[in-house]
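# Geometric and topological summary
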Amino acid sequence: TTQLRPMGEALKAALEERFGDDIENIHIADVVSFFREGNGVIQKNEVQLIIDSTLSFADLRAAIEEHHPAQDPIIIGSTSSKHTLGQKHQVDAFVMAHAVVTGTGLEDAQLLAQEIVDARFAAKVQVENESDQQRITLKTTKAMKEHILREFGGLTWHWIPFRSSEAYLNWLESSVQSLHDSEL
């Protein structure tokens, strides 16, 4: 993610110029992100880039880091990729899920996202407003999947295992651990 749309557009242009047809698609979306910081839940407007490409994760990551305004951008890759990051975590230990919410407004979707983070079911939840519906995307551990399905099973969740930097995965893991794990 980036903080401003012009930064996201510049990153998209740089990647498309550098890699050409190896970039299949770059989807840019304004999202509202919710994540835990200290004892509270932070709400922040961000611009999310989702990149479909045939590139290796290492090549794409190097290019993003070269052009991204953040010193250490969070880059997430599907575990279906043939390239690994050489980390200690199991390949399928972390999952991303998305669900489309209809029949409610943006404010209700954002309240749901905040509730998911506040309950420590996910480390980060993003809400994208898509005209008459909202897309909720969350990042969590595989172990929390059953709890999310139990508590929010009225939504149709689509799950994808992912990998990222060791620092991000450690933060994610510590953010979803309940203060009272036995109560789950």
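Presented here is a report on the structure given in the accompanying data block. If you're wondering where the values come from, they're calculated on a predicted model, not measured in any experiment.

Right, let's get into the sheet that holds strand S4 (residues 94-102). Strand order in this open sheet of 7 strands is S2-S1-S5-S6-S4-S7-S3, and the pairing throughout is antiparallel. With one partner strand each, in any of the chains shown, strand S2 (40-53) and strand S3 (77-78) form the two edges of the open sheet. With 9 bridges connecting them, S4 and strand S6 (residues 133-141) associate as antiparallel partners. Its bridge partner lying in S6, Val-101 is registered against Gln-134. Packed onto the sheet, helix H1 (residues 5-19) meets strand S1 (23-37) and S2 and runs at close to 145° relative to S1. In this fold helix H5 (residues 166-176) packs onto S1, S4, strand S5 (124-130), S6 and strand S7 (158-163), with an angle of close to 100° to the strand it touches most, S6.

When H5 is considered as a whole, its buried residues turn out to be Tyr-168, Leu-169, Leu-172, Ser-175 and Val-176. For H5, the angular spread of buried residues about the axis comes to 130°, placing them on one side. Elements that come into contact with the buried residues of H5 comprise S1, S4, S5, S6 and S7.

Let us look at the pattern of salt bridges. Considering all chains together, one arrives at 8 salt bridges under this definition. With a closest N to O distance of 3.1 Å, Arg-5 and Glu-9 form a salt bridge. With Arg-5 and Glu-9 both in helix H1 and 4 residues apart, the pair spans about one turn of that helix. Among the residues examined, Glu-9 registers a relative accessible area of 36% and is labelled partly exposed. Glu-46 is the salt-bridge partner of Lys-124, the closest N and O atoms lying 3.2 Å from each other. Note that Lys-124 is positioned in strand S5 and Glu-46 in strand S2, a separation of 78 residues in sequence.

Analysis parameters
Residues numbered from 1 in each chain as written. Predicted model: local features only at pLDDT ≥ 70, side-chain atom pairs only at ≥ 80, totals over all residues. Heavy atoms only, no water. Pairing = 2+ DSSP bridges. Helix = DSSP H or I, 4+ residues; strand = E, 2+ residues; numbered from the N terminus. Contact = heavy atoms within 4.5 Å. Axes fitted to C-alpha atoms, helices over the stretch in contact; angles between N-to-C directions. Buried < 20%, exposed > 50% of the residue type's maximum accessible area, 1.4 Å probe, protein only. Arc of directions from axis to C-beta. Salt bridge = Lys/Arg side-chain N within 4 Å of Asp/Glu carboxyl O.

These figures capture arrangement, not role.
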